[in-house]
Amino acid sequence: MADIVLDKVTKAFPDGTLAVQGFNLEIADGEFVILVGPSGCGKSTTLNMIAGLEDITSGELRIDGKLVNDKAPRDRDIAMVFQSYALYPNMTVRENMAFPLKLAKMSKEEIDRKVDEAAKVLELTALLDRKPANLSGGQRQRVAMGRAIVRSPKAFLMDEPLSNLDAKLRVQMRTVVSRLQRRLGTTTVYVTHDQTEAMTLGDRVVIMRAGAIQQVGEPQELYDYPNNLFVAGFIGSPSMNFLVASVSDGKLRTALGDFPLGKRVRGALDSTAGDLIVGIRPEHFEDASLIEDSIRQRGVEFEAPADLVESMGSDKYVYFTVEGEKASAAELEELAADVGSSDLPASGSNLVCRFSAESRVKEGDTARVWINLDKIHLFDPSTGRNITLHEGRASGVTA
Amino acid sequence: MAVIDQSAGARWRWSVLDLVVIVFALIPVLWIASLSFKTPATITDGNFIPREWTLENYRNIFNTDQFVRALINSIGIGLISTLVAVVLGTMAAYAIARLDFPGKGLLIGISLLIAMFPQVSLVSPLFEIERSIGLFDTWPGLILPYITFGLPLAIYTLSAFFRQIPWDLEKAAKMDGATQGQAFRRVIAPLAAPGVVTTAILVFIFCWNDFLFAISLTSTERSRTVPAALSFFQGASQFEDPTGAISAAAVIITIPIILFVLFFQRRIVSGLTSGAVKG
């Protein structure tokens, strides 16, 4: 077990593209850290640099306090689980798991003992004599994990280990991975492009974009206090609603109505001119009829026809169309391109609201919607920065 | 997956078609085999099954130094050329499949060019060159051109095989504590073995069957290979036709090829890498 420190780590490819730039991160002993971001953001390159499969162009990588920049993967004592599992097809499950131990020149009895132990943990005992070709996807995934844990390495690196599984199995394996990591207490770096995996698995999440860290923090922290538009849009499902806004007469004017502005936010706004982007998470809307009077004045209300109502049982997703200009910023376009929604035709912008299940809103009805102003974020579209953040905390627009 | 028509009619049609192809390919071979068992008197009687069976033709060719010597030449030259071409080809193909190096496209282009080059046009220059540097009518004199033309074949076949092996396996082996050499030896090589064997067989067959270089670049029994030696077979007298002897020799040199393919057939299976990655 060990801590991993990345100090201004940079990766430049021969053709000049910067895959990762100035990556600073300290991963504590036993910590479970997730690297997440859209494809091409440099998360896998970062993982490969920690593994030693890619050279580090500049910066320092220390594992357990020792500089390992120039060490071969075999001398770093870390194990990796690949997205493709990379099981050796010519070996049985037992031979696959024994391979790292054999290379470490352990005695036959010790190898057998360790393999049996790991197989028991991962419920692979019955499959030990099978070849990978005769295993299901989930079983192969478990063998790949087994091969990693069998030699008790200093750290685990996982490169999208669950993305080849079907949705149901993925959720199941997520808890397996999580329990295993807690139980072994081994430092783990986990790469994924799935924000749900990132939110549920990690002690800390690192959000990357175009080779640079956007924000590092605990999942809840990233969700509640996103640094910028990119983090706000990436974390959360359904994602945050973004609307164009402008300030005049001390009020924030949006397509949903005018919001009062607090003193501190007004102060922060003095430095930024022009349009703004308002970000509101779906759950910070509510059916106005369900709001108690005591908290009603902490928000504003608007009326609009509901386009679509999806009932999830536990709550309802209500969709509205907001006329007017669509919020645009480089970060948002990148996010849209990543999920493939950039080419969807849309007039105006879509608004997703999460109402509690008691709401009686129906499709086509005009609904009265309450917005919690304490939870609203304001972004500067040119820099993407979250203006409402104050000492790392956000308190809405009325503060 | 395409839907395969499994109806009885379709199966029947396919069986007939297969049978036609097999008969078409096998009749000349069987005819030669039949000729090799006939006596000189019955060789022109036109019967497919010999009236009088004889092993005389086989006894004769093995009694002449000419054929035995040519057989040794063929085996020696073929094996050496194959070994060199496959070893060099393996390294080149591995580099082509795994590395990005300057001039990679050029290398592939040149090897394709060599494979397509009409060999006949090279015979006269090669003849002159080999005569002036003393390689004419020697083993190396044949081994060198065989390697030249065997290499592109080896590189192409092997790089296709190497490309099929997921690169992740090599990375995984390195993460598991293997050196580059161990990763190649214990993970990549066992998976590439069928490819190497297939390639070796193809290259060997190419060398074994060659007539053009063998007849042009040799002049004595010292280095003449079997296909060339066959054309020098003579009857006991000038009025006797050596058909029986030639047929027997042809049957003999076909046997190693058939054995090779039968023996390695089970190793030349694709899908050995199935199950390595998500499949």
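As the structure is a computational prediction, the values presented were derived from the model and not from experiment.

Caption draft 1: Fine view of the overall build of chain A. Each helix and strand in chain A was counted, giving eleven helices and 23 strands. Expressed as lengths along the three principal axes of its C-alpha atoms, the size of chain A is roughly 80 × 45 × 40 Å. By residue count, 43% of the 399 residues in chain A fall in the buried class. Sequence-distant contacts, at least 24 apart, represent 70% of the contacts inside chain A between residues at least 6 apart.

Caption draft 2: Fine view of the overall build of chain B. A tally of helices and strands in chain B yields eleven helices and zero strands. Listing every helix and strand of chain B by position from the N terminus yields α-α-α-α-α-α-α-α-α-α-α. Its C-alpha atoms give chain B a radius of gyration of 23 Å, more than 25% over the compact-globule value 19 Å for 279 residues. With the C-alpha coordinates of chain B rotated into their principal frame, the extents come out at 75 × 65 × 30 Å.

Caption draft 3: Quick look at the interface of chain A and chain B. Each partner contributes to the interface: chain A provides 23 residues, whereas chain B provides 22 residues. For the side of chain A that touches chain B, the secondary-structure elements that each account for two or more residues are strand 6 (78–81) and helix 2 (93–103) of chain A. Classifying every residue of the side of chain A that touches chain B gives 17 nonpolar, four polar and two charged.

Caption draft 4: Highlighting the sheet that holds strand 19 (residues 349–356) of chain A. Residue and element names in this part refer to chain A. One open sheet holds the three strands; their spatial order is 17-18-19, and the pairing between them is antiparallel. Each edge of the open sheet carries a strand with a single partner, namely strand 17 (308–311) and strand 19. Within this sheet the neighbouring strands show an average axis-to-axis angle of 20°, counted without direction. Sheet analysis places strand 18 (residues 315–322) next to strand 19, joined by eight bridges and oriented antiparallel. Bridge pairing links Phe320 to Leu351 in strand 19.

Caption draft 5: Focus on the pairing of strand 17 of chain A. Residues and elements named next belong to chain A. In this sheet, strand 18 lies alongside strand 17 in antiparallel orientation, the contact comprising four bridges. Bridging from a neighbouring strand, Ser311 pairs with Lys316 of strand 18. Where strand 17 folds back onto strand 18 in an antiparallel hairpin, the turn is made up of three residues, including Gly313, whose phi is positive at roughly 90°.

Caption draft 6: Molecular detail of the confidence of the model for chain B. Residue and element names in this part refer to chain B. Residues of chain B with pLDDT of at least 70 account for 90%, and the chain-wide mean is 85. When the elements of chain B are averaged for pLDDT, helix 11 (residues 243–264) gives the smallest value, 85, and helix 9 (residues 212–216) the largest, 93. Our summary of model confidence lists the complex with pTM equal to 0.78 and ipTM equal to 0.81.

Caption draft 7: Spotlight on the packing of helix 7 (residues 167–175) of chain B against helix 8 (residues 180–209) of chain B. Residues and elements named next belong to chain B. Between helix 7 and helix 8, the least distance of the axes is 10 Å, while the angle of their chain directions is 130°. Looking at the two axes, helix 7 sits oblique to helix 8. In this structure, helix 7 meets helix 8 at a crossing whose hand is right-handed. Only Ala183, Val187 and Ile188 of helix 8 make contact with helix 7, whose side of the interface consists of Leu169, Glu170, Ala173 and Lys174. When its residues are assigned to classes, the contact of helix 7 with helix 8 shows five nonpolar, no polar and two charged.

Caption draft 8: View of helix 11 (residues 330–339) of chain A. Taken as a whole, helix 11 of chain A has its buried residues at Glu331(A), Leu332(A) and Leu335(A). Axial view of helix 11 of chain A: buried residues confined to an arc of 95°, hence all on one face.

Caption draft 9: Here's a closer look at the domain arrangement of chain B. Residue and element names in this part refer to chain B. Here chain B is partitioned into domain 1 (1–54) and domain 2 (64–277). Computed over C-alpha atoms only, the centres of domain 1 and domain 2 are separated by 29 Å. Taken residue by residue, the interface counts seven residues in domain 1 and seven residues in domain 2. Residue classes in the side of domain 1 that touches domain 2 are distributed as five nonpolar, one polar and one charged.

Caption draft 10: Looking closely at the environment of Arg11(B). Tracing the chain through its elements places Arg11(B) in helix 1 (residues 8–36). Considering only alpha carbons, one finds Arg11(B) and Ala93(B), 82 residues apart in sequence, at a separation of 40 Å.

Caption draft 11: Layout of the nonpolar core. Counting residues in hydrophobic clusters, the biggest one holds 155 residues, and the most contacted among them are Ile34(A), Met80(A), Leu157(A), Val189(A) and Ile277(A). With twelve residues, helix 6 (residues 139–164) of chain B is the largest single contributor of residues to this core. Apart from the residues lying within four places of it in its own chain, the contact partners of Val189(A) are Ile4(A), Ile27(A), Val33(A), Leu35(A), Leu47(A), Ile50(A), Ala155(A) and Leu157(A).

Caption draft 12: Structural context of unusual backbone geometry. Residue and element names in this part refer to chain A. With an omega dihedral of -5°, the bond running from Ser237 to Pro238 counts as a cis peptide bond. With respect to the helices and strands, the residue Pro238 is situated in the loop between helix 8 (229–234) and strand 11 (241–248). Within the chain, Ser152 stands out as a residue other than glycine whose phi angle is a positive 45°. Mapped onto the fold, Ser152 is located in the loop between helix 4 (137–149) and strand 7 (155–159).

Caption draft 13: Highlighting the packing of helix 2 of chain A against helix 4 of chain A. Residues and elements named next belong to chain A. Taken N-terminus to C-terminus, the directions of helix 2 and helix 4 make an angle of 30°; their axes are 7 Å apart at the nearest point. The orientation of helix 2 with respect to helix 4, classified from their angle, is roughly parallel. Crossing angle aside, the handedness with which helix 2 passes helix 4 is right-handed. Between helix 2, through Val93, Asn96, Met97, Phe99 and Pro100, and helix 4, the contact on the second element is made entirely by Val143, Gly146 and Arg147.

Here is what the cut-offs are and how they apply
Residues numbered from 1 in each chain as written. Chains lettered and ligands numbered in written order. Predicted model: local features only at pLDDT ≥ 70, side-chain atom pairs only at ≥ 80, totals over all residues. Helix = DSSP H or I, 4+ residues; strand = E, 2+ residues; numbered from the N terminus. Buried ≥ 20, exposed ≤ 12 C-beta atoms within 10 Å, placed from the backbone. Contact = placed C-beta atoms within 7 Å. Rg over C-alpha atoms; globule rule 2.2 N^0.38 Å. Nonpolar A, V, L, I, M, F, W, Y, C, P; charged D, E, K, R; others polar. Pairing = 2+ DSSP bridges. Axes fitted to C-alpha atoms, helices over the stretch in contact; angles between N-to-C directions. pLDDT = per-residue confidence, 0-100. Parallel < 35°, antiparallel > 145°, perpendicular 65-115°, else oblique. Left-handed = near helix turned anticlockwise from the far one by under 90°. Arc of directions from axis to C-beta. Domains from an automatic or database assignment. Core = buried A, V, L, I, M, F, W, Y, C linked by C-beta atoms within 7 Å.

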